[in-house]
Amino acid sequence: MMVRRCVLRLADHYSLAPSLFTRSGSSLPGPGGDLMMWEKIYQREVPRTMEEMGSMLQKEVNSPPDACLLKVAIVGVPNCGKSTLINKLMGWRVCSVSSKVHTTELCARAVRNIGSTQLVFLDTPGLVTPQEITKHNLKRSLMTEAELSLQEADLMAVVHDVSNHFTRYCLQPRVLRLLALYPTIPSVLILNKVDKSKCKQNLLELTRMLTEGVVGGQKSHLVTKKNESLNKEKLIRKTLEKFSETLDHDSSLSSRSVCKSDTSNNKINNSGIQSLEKNSHVSQDESLYGDGLLNTSSDISHLNETDILEGRVHLTEQQVNAFIKDRKSWPKFDEVFMISALEGTGVDDLQHFLCSSALSNPWIFSSQVVTDQNPQEIALMTVREKFLDTFHNEIPYTLRFQVEHWDLSDSELLYIMIKVSCRRRGLTRLMVGGGGGTVSRIAREAEQSLRNTFRTEVRLKLNIVYDARLKHIKY
């Protein structure tokens with residue numbers, strides 16, 4: 001009530017109707033501002049029921065006369081900060097965020113309107129391998145969600161975690177694969193979590209390594225001191241590279257000696273192996289290449305690298321794997337941004353770039369839409385997020401979540417009950433905790449997150465149950 005009274009006083013001060021502040025944003029227009037524009041902003045909301053969602057998505061899309069549109073696919077490996085970045089760009093918590101990997105399981109769209117420009121962010125799950133799918137009992141669709149989003153994207157934003165000491169010096173093969181498959185889609189590199197970097201000079205060197213010194217088609221020049229002392233990480237990296245080169249050299253010498261002693265047998269075996277490999281990779285949906293013949297070979301020696309980077313040739317999956325095999329960087333990024341999605345550092349510069357890159361196209365969502373996510377899916381992902389943050393190892397990945405009750409009262413109070421099913425009886429006691437303390441804390445935290453998303457009062461109940469049927473389900 002105190003917050004409501006303060007809002008009413010501010011409304012009186014700016015001569016605004018109090019009705020504008022029910023489920024409204026956090027900013028207020030200044031005296032003499034365009035009240036109609038702000039009224040539209042305050043009407044933006046995340047639907048709380050399926051009926052509200054259907055009504056909102058069916059509204060006629062009225063684009064401004066000079067409308068611009070940009071669809072941005074946010075891609076990267078798990079836990080690099082994609083959802084956090086979208087929430088910061090939106091100024092609204094629409095994507096689930098957790099310290100654990102694989103928080104995002106579905107591709108979701110978030111919509112931000114700035115002036116006559118509509119930005120549509122495609123939040124994709126972290127890029128995963130089949131091994132990770134099996135390890136974490138993840139949905140098989142995670143392997144294709146990011147690639148499907150690129151088929152409608154105008155821009156690919158690659159988020160790279162610079163705080164990870166083990167992976168920050170190279171782009172992961174899963175990322176390089178998408179860049180090689182879709183080289184004609186403009187792309188930018190976003191170095192995230194720069195707030196955790198102690199030496200900012202290292203970020204310049206890192207940028208050079210990840211872009212091959214080329215940004216926006218221009219060769220960058222990085223000035224370094226000749227007498228600069230090598231730090232521990234550089235020494236380790238150089239030692240590992242030398243060790244790897246030595247192993248490769250020894251291996252090549254060994255293979256040469258074997259080849260000399262039994263050349264004829266190797267020729268027969270190699271030809272047989274190659275024919276088996278070619279036959280095993282042929283599939284009905286293989287892409288056509290070159291002169292229209294089905295090409296399943298991984299040989300790319302006859303192709304020019306510039307033609308591949310410019311998208312003048314279409315590579316098969318095998319050729320893409322061969323192209324990125326020894327590659328750790330990508331020289332086709334249009335821009336590089338150094339940001340902290342959590343603290344907001346550098347996010348404004350990224351937003352300005354996105355707005356300036358928007359294309360002259362009509363909007364695809366009405367001005368009231370914030371996200372196309374199902375409200376019940378939002379609640380399920382939010383609760384799952386809290387369980388991921390609370391429990392360790394594989395425990396939260398084996399749980400299954402289901403909406404049991406969903407009701408919006410006349411006083412706009414949203415009642416939600418979610419069933420959490422465990423595959424082991426002992427887990428139910430662990431989830432509930434002593435005196436119900438653990439599940440109560442998770443419910444309170446999820447309640448607050450849902451209030452921030454739906455911008456209405458929420459009452460959430462969690463029902464922890466044991467379901468023996470989950471033992472026999474292979475995910």
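For the structure itself, look to the data block above.
A brief structural summary. Just so you know, these numbers come straight off a predicted model, no measurement behind them.

With respect to topology, six strands assemble into an open sheet ordered 2-3-1-4-5-10, the strand pairing being mixed. If you trace the sheet from one side to the other, it starts and ends with strand 2 (108-114) and strand 10 (335-338), each paired once. Across the sheet, the axes of successive neighbouring strands diverge by a mean angle of 25 degrees, strand direction being ignored. Where strand 1 (residues 68-75) lies against strand 3 (residues 117-123), seven bridges are found, and the strand directions are parallel.

Membership of the largest hydrophobic core comes to 101 residues, with the highest contact counts inside it found for F387 and I418. The leading source of residues in this core is strand 1, at seven residues. If we skip the residues at most four places from it in the chain, F387 touches P396, L399, F401, V420, M431, I442, L462 and I464.

With respect to topology, three strands assemble into an open sheet ordered 11-12-13, the strand pairing being mixed. Edge positions in the sheet fall to strand 11 (400-408) and strand 13 (457-466), since each of these pairs with one other strand and no more. Put simply, the sheet's adjacent strands are angled 20 degrees from each other on average, direction ignored. Pairing between strand 11 and strand 12 (residues 413-422): eight bridges, direction antiparallel.

This next bit is on the pattern of salt bridges. Applying the stated rule across the entire model yields 18 salt bridges. The partner of R48 in a salt bridge is E412, with the nearest N and O atoms 3.7 Å apart. One end of the pair, R48, is in the loop between helix 2 (35-43) and helix 3 (50-57); the other, E412, is in the loop between strand 11 and strand 12, with 364 residues separating them in the sequence. Taking the shortest distance from any N to any O, the salt bridge between R459 and E457 comes out at 2.7 Å. By relative accessible area, which is 37% here, R459 ends up partly exposed. Accessibility expressed as a relative area gives 33% for E457, which makes it partly exposed. The network of salt bridges with shared partners includes E447, R451, E457 and R459.

Analysis parameters
Once a new chain begins, its residue numbering starts again from 1 and follows that chain's sequence as written. At least 70 in pLDDT is required for a residue's local features to be given in this predicted model, at least 80 for side-chain atom pairs to be given and counted, and no such filter applies to totals for whole chains, interfaces and linings, which use all residues. The side-chain quantities take in all heavy atoms of the structure and omit both hydrogens and water. Following DSSP output, two strands are said to pair if at least two bridges run between them. Secondary structure follows DSSP: runs of H or I at least 4 residues long count as helices, runs of E at least 2 residues long count as strands, and numbering of each begins at the N terminus. Only the contacting stretch of a helix is used when fitting its axis, a line to C-alpha atoms as for every element, and angles between N-to-C directions run 0 to 180 degrees. Definition of nonpolar core: a set of buried residues of the types Ala, Val, Leu, Ile, Met, Phe, Trp, Tyr and Cys, connected through side-chain atoms within 4.5 Å. A 1.4 Å probe rolled over the protein chains alone gives each residue an accessible area, and that area as a share of the maximum for its type sets the label: buried under 20%, exposed over 50%, partly exposed in between. Should any heavy atoms of two residues lie within 4.5 Å, those residues are counted as being in contact. We define a salt bridge as a contact between a side-chain nitrogen of Lys or Arg and a carboxyl oxygen of Asp or Glu at a distance within 4 Å.

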